[in-house]
Amino acid sequence: MPAAPSRHAGCAPNREELRRSLLERRRAQAPKLAARRSRAAQERLLAAPCWRDAGSMALYAGVRDEMATGLLLREAWAGGREVWLPRVLRGSRGRMEFVRCAGPEDLGPGAFGLLEPRPELPGAGPEDADFRPRLMLVPGVAFDRRGGRMGYGGGFYDRFLAALGAREGAKCPTLGFCFGFQVVDKVPCAAWDRPVDGICTEGELFWISR
(Lines give C-alpha, C1' and ligand atoms only; values in the text may rest on other atoms or scores of the structure.)
Protein backbone atom coordinates (compact mmCIF):
# COMPACT_ATOMS: atom_id res chain seq x y z
CA MET A 1 0.00 0.00 0.00
CA PRO A 2 1.52 3.38 -0.93
CA ALA A 3 2.36 5.88 1.77
CA ALA A 4 -0.06 8.66 2.61
CA PRO A 5 0.16 11.40 0.01
CA SER A 6 1.67 14.74 0.88
CA ARG A 7 -0.20 17.96 0.19
CA HIS A 8 0.43 18.94 -3.43
CA ALA A 9 1.62 22.46 -4.15
CA GLY A 10 -0.91 24.84 -5.63
CA CYS A 11 -4.03 22.91 -4.58
CA ALA A 12 -7.25 24.34 -5.91
CA PRO A 13 -9.59 25.61 -3.15
CA ASN A 14 -12.75 24.32 -4.86
CA ARG A 15 -12.99 20.88 -3.29
CA GLU A 16 -16.70 21.03 -2.39
CA GLU A 17 -17.54 22.75 -5.66
CA LEU A 18 -15.93 19.89 -7.59
CA ARG A 19 -17.74 17.30 -5.48
CA ARG A 20 -21.11 18.95 -6.07
CA SER A 21 -20.48 19.35 -9.79
CA LEU A 22 -19.47 15.74 -10.38
CA LEU A 23 -22.27 14.30 -8.27
CA GLU A 24 -24.76 16.38 -10.20
CA ARG A 25 -23.29 15.26 -13.51
CA ARG A 26 -23.51 11.67 -12.38
CA ARG A 27 -27.15 12.07 -11.33
CA ALA A 28 -27.95 13.73 -14.66
CA GLN A 29 -26.80 10.79 -16.78
CA ALA A 30 -29.53 9.08 -18.75
CA PRO A 31 -30.11 5.67 -17.10
CA LYS A 32 -29.45 3.76 -20.33
CA LEU A 33 -26.18 5.62 -20.87
CA ALA A 34 -25.07 5.02 -17.28
CA ALA A 35 -25.92 1.32 -17.63
CA ARG A 36 -23.97 1.06 -20.90
CA ARG A 37 -20.94 2.78 -19.40
CA SER A 38 -21.11 0.63 -16.27
CA ARG A 39 -21.26 -2.52 -18.35
CA ALA A 40 -18.24 -1.43 -20.41
CA ALA A 41 -16.18 -0.64 -17.28
CA GLN A 42 -17.04 -3.96 -15.66
CA GLU A 43 -16.20 -5.92 -18.81
CA ARG A 44 -12.90 -4.05 -19.06
CA LEU A 45 -11.99 -5.06 -15.51
CA LEU A 46 -13.11 -8.66 -16.02
CA ALA A 47 -10.69 -8.95 -18.94
CA ALA A 48 -7.73 -7.51 -17.00
CA PRO A 49 -4.89 -9.54 -15.44
CA CYS A 50 -5.51 -7.92 -12.04
CA TRP A 51 -8.94 -9.54 -11.96
CA ARG A 52 -7.78 -12.86 -13.36
CA ASP A 53 -5.03 -13.19 -10.77
CA ALA A 54 -7.09 -12.17 -7.70
CA GLY A 55 -8.59 -15.14 -5.89
CA SER A 56 -9.69 -12.82 -3.08
CA MET A 57 -11.09 -9.35 -3.71
CA ALA A 58 -12.73 -6.47 -1.86
CA LEU A 59 -15.60 -5.08 -3.91
CA TYR A 60 -18.68 -2.99 -3.12
CA ALA A 61 -22.32 -2.96 -4.15
CA GLY A 62 -22.82 0.09 -6.36
CA VAL A 63 -26.13 1.88 -5.73
CA ARG A 64 -28.15 4.80 -7.04
CA ASP A 65 -26.11 6.63 -9.69
CA GLU A 66 -22.73 5.05 -8.86
CA MET A 67 -20.94 2.92 -11.41
CA ALA A 68 -22.75 -0.44 -11.23
CA THR A 69 -20.88 -3.47 -9.91
CA GLY A 70 -23.51 -6.21 -10.23
CA LEU A 71 -21.74 -7.98 -13.08
CA LEU A 72 -18.47 -8.06 -11.14
CA LEU A 73 -20.17 -9.52 -8.09
CA ARG A 74 -21.96 -12.19 -10.11
CA GLU A 75 -18.78 -13.19 -11.94
CA ALA A 76 -16.73 -13.25 -8.73
CA TRP A 77 -19.21 -15.49 -6.95
CA ALA A 78 -19.71 -17.72 -10.00
CA GLY A 79 -15.94 -18.12 -10.28
CA GLY A 80 -15.51 -19.16 -6.66
CA ARG A 81 -13.63 -16.01 -5.64
CA GLU A 82 -13.44 -14.88 -2.04
CA VAL A 83 -15.53 -11.71 -1.99
CA TRP A 84 -15.32 -9.08 0.76
CA LEU A 85 -17.88 -6.26 0.95
CA PRO A 86 -17.89 -3.17 3.20
CA ARG A 87 -20.20 -2.58 6.16
CA VAL A 88 -20.46 0.65 8.13
CA LEU A 89 -19.70 0.28 11.83
CA ARG A 90 -22.73 1.72 13.62
CA GLY A 91 -21.87 4.04 16.47
CA SER A 92 -18.31 4.55 15.21
CA ARG A 93 -18.08 7.68 13.10
CA GLY A 94 -16.46 7.28 9.69
CA ARG A 95 -15.40 3.68 10.19
CA MET A 96 -16.24 0.48 8.38
CA GLU A 97 -15.23 -3.16 8.17
CA PHE A 98 -15.28 -5.78 5.42
CA VAL A 99 -17.33 -8.98 5.49
CA ARG A 100 -16.76 -12.17 3.52
CA CYS A 101 -19.95 -12.76 1.51
CA ALA A 102 -20.84 -15.96 -0.35
CA GLY A 103 -23.61 -14.50 -2.51
CA PRO A 104 -26.39 -11.90 -2.80
CA GLU A 105 -28.32 -13.64 -0.05
CA ASP A 106 -25.72 -12.29 2.40
CA LEU A 107 -26.71 -8.69 1.62
CA GLY A 108 -29.46 -6.44 2.94
CA PRO A 109 -30.33 -2.76 3.43
CA GLY A 110 -27.63 -0.90 5.32
CA ALA A 111 -26.43 2.58 6.19
CA PHE A 112 -27.02 5.48 3.78
CA GLY A 113 -29.37 3.38 1.65
CA LEU A 114 -26.52 1.06 0.63
CA LEU A 115 -26.59 -2.69 0.23
CA GLU A 116 -24.42 -4.14 2.98
CA PRO A 117 -23.57 -7.54 4.45
CA ARG A 118 -26.17 -8.72 6.94
CA PRO A 119 -25.42 -7.59 10.52
CA GLU A 120 -25.08 -11.14 11.90
CA LEU A 121 -22.16 -11.98 9.58
CA PRO A 122 -18.67 -11.59 11.15
CA GLY A 123 -16.61 -8.65 9.92
CA ALA A 124 -12.91 -7.91 9.63
CA GLY A 125 -11.13 -4.65 10.27
CA PRO A 126 -7.91 -3.50 8.60
CA GLU A 127 -5.90 -4.98 11.45
CA ASP A 128 -7.32 -8.50 10.98
CA ALA A 129 -4.97 -10.98 9.33
CA ASP A 130 -7.91 -12.79 7.70
CA PHE A 131 -8.53 -9.76 5.49
CA ARG A 132 -6.00 -10.31 2.68
CA PRO A 133 -7.63 -9.40 -0.66
CA ARG A 134 -5.47 -9.29 -3.78
CA LEU A 135 -7.53 -6.48 -5.32
CA MET A 136 -9.66 -3.74 -3.77
CA LEU A 137 -12.17 -1.70 -5.76
CA VAL A 138 -12.55 1.82 -4.36
CA PRO A 139 -15.50 4.12 -5.13
CA GLY A 140 -15.15 7.89 -5.18
CA VAL A 141 -16.39 11.19 -6.53
CA ALA A 142 -13.21 12.29 -8.31
CA PHE A 143 -9.86 10.79 -9.27
CA ASP A 144 -6.82 12.08 -11.11
CA ARG A 145 -4.03 10.39 -13.05
CA ARG A 146 -1.58 10.58 -10.17
CA GLY A 147 -3.91 8.42 -8.09
CA GLY A 148 -5.51 11.30 -6.21
CA ARG A 149 -8.97 10.45 -4.89
CA MET A 150 -11.78 12.48 -3.39
CA GLY A 151 -14.53 10.51 -1.66
CA TYR A 152 -17.98 11.42 -0.41
CA GLY A 153 -16.82 13.22 2.70
CA GLY A 154 -17.26 10.53 5.36
CA GLY A 155 -13.66 9.32 5.36
CA PHE A 156 -14.60 5.63 5.50
CA TYR A 157 -12.16 4.39 2.86
CA ASP A 158 -9.45 6.87 3.85
CA ARG A 159 -9.44 5.61 7.44
CA PHE A 160 -9.61 1.96 6.46
CA LEU A 161 -6.84 2.22 3.85
CA ALA A 162 -4.59 4.17 6.21
CA ALA A 163 -4.92 1.46 8.86
CA LEU A 164 -4.53 -1.33 6.30
CA GLY A 165 -1.35 0.27 4.99
CA ALA A 166 0.08 0.28 8.50
CA ARG A 167 -0.38 -3.49 8.86
CA GLU A 168 2.74 -5.45 8.01
CA GLY A 169 2.38 -7.58 4.89
CA ALA A 170 -1.07 -6.18 4.05
CA LYS A 171 -0.27 -4.59 0.69
CA CYS A 172 -3.27 -4.73 -1.64
CA PRO A 173 -3.61 -3.00 -5.04
CA THR A 174 -6.43 -0.43 -4.94
CA LEU A 175 -8.37 0.40 -8.10
CA GLY A 176 -10.59 3.46 -8.37
CA PHE A 177 -13.80 2.54 -10.21
CA CYS A 178 -15.72 5.40 -11.81
CA PHE A 179 -17.15 6.98 -14.94
CA GLY A 180 -14.63 8.56 -17.28
CA PHE A 181 -15.80 12.12 -16.55
CA GLN A 182 -14.91 11.60 -12.89
CA VAL A 183 -11.20 11.50 -13.81
CA VAL A 184 -10.11 15.13 -13.59
CA ASP A 185 -6.86 16.99 -14.18
CA LYS A 186 -6.19 17.46 -10.48
CA VAL A 187 -8.11 16.43 -7.39
CA PRO A 188 -8.09 19.23 -4.78
CA CYS A 189 -6.07 17.56 -2.07
CA ALA A 190 -6.61 17.07 1.64
CA ALA A 191 -4.04 15.71 4.07
CA TRP A 192 -6.19 12.67 4.91
CA ASP A 193 -6.98 11.56 1.33
CA ARG A 194 -5.54 8.17 0.44
CA PRO A 195 -4.40 7.59 -3.15
CA VAL A 196 -5.36 4.66 -5.33
CA ASP A 197 -2.94 2.53 -7.34
CA GLY A 198 -4.97 2.52 -10.55
CA ILE A 199 -8.24 3.59 -12.15
CA CYS A 200 -10.82 1.76 -14.25
CA THR A 201 -13.51 3.53 -16.28
CA GLU A 202 -15.63 2.58 -19.26
CA GLY A 203 -12.83 3.76 -21.53
CA GLU A 204 -9.58 2.71 -19.88
CA LEU A 205 -7.82 0.85 -17.09
CA PHE A 206 -4.41 2.10 -16.01
CA TRP A 207 -2.00 1.80 -13.09
CA ILE A 208 -0.06 4.70 -11.59
CA SER A 209 3.73 4.51 -11.38
CA ARG A 210 5.24 5.84 -8.16
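Note that the structure is predicted; figures quoted are calculated from it, not measured.

Parameters at a glance
- Residues numbered from 1 in each chain as written.
- Predicted model: local features only at pLDDT ≥ 70, side-chain atom pairs only at ≥ 80, totals over all residues.
- Heavy atoms only, no water.
- Pairing = 2+ DSSP bridges.
- Helix = DSSP H or I, 4+ residues; strand = E, 2+ residues; numbered from the N terminus.
- Contact = heavy atoms within 4.5 Å.
- Axes fitted to C-alpha atoms, helices over the stretch in contact; angles between N-to-C directions.
- Buried < 20%, exposed > 50% of the residue type's maximum accessible area, 1.4 Å probe, protein only.
- Salt bridge = Lys/Arg side-chain N within 4 Å of Asp/Glu carboxyl O.

Asker: Give a detailed account of the sheet that holds strand E1 (residues 56-58), specifying residues and quantitative values.
Answerer: Spatially, E6-E3-E2-E1-E7-E10-E12-E13 is the arrangement adopted by the eight strands of the open sheet, whose pairing is mixed. The sheet is open, and its two borders are formed by strand E6 (123-124) and strand E13 (205-207), each paired with just one other strand. Lying over the sheet, helix H2 (residues 31-46) contacts strand E7 (135-138), strand E10 (174-177), strand E12 (198-200) and E13, oriented at roughly 160 degrees with respect to E10.

Asker: Give a detailed account of the environment of proline 31, specifying residues and quantitative values.
Answerer: Checked against the element boundaries, proline 31 lands in helix H2. By relative accessible area, which is 69% here, proline 31 ends up exposed. With 42 residues separating them along the chain, proline 31 and leucine 73 place their C-alpha atoms 20 Å apart.

Asker: Break down the pattern of salt bridges for me, citing the residues and quoting the values.
Answerer: Scanning the entire structure with this criterion turns up 14 salt bridges. Here arginine 39 makes a salt bridge to glutamate 43, at a shortest N to O gap of 2.8 Å. Linking arginine 39 with glutamate 43, this pair stays in helix H2, spanning four residues, or about one helical turn. Here arginine 39 falls in the partly exposed class, since its relative accessible area comes to 42%. Here glutamate 82 makes a salt bridge to arginine 100, at a shortest N to O gap of 3.0 Å. Separated by 18 residues along the polypeptide, glutamate 82 in strand E2 (residues 82-88) and arginine 100 in strand E3 (residues 96-101) bring together distant segments of the chain. Given a relative accessible area of 26%, glutamate 82 falls into the partly exposed group.

So yeah, pure geometry; function would need other evidence.
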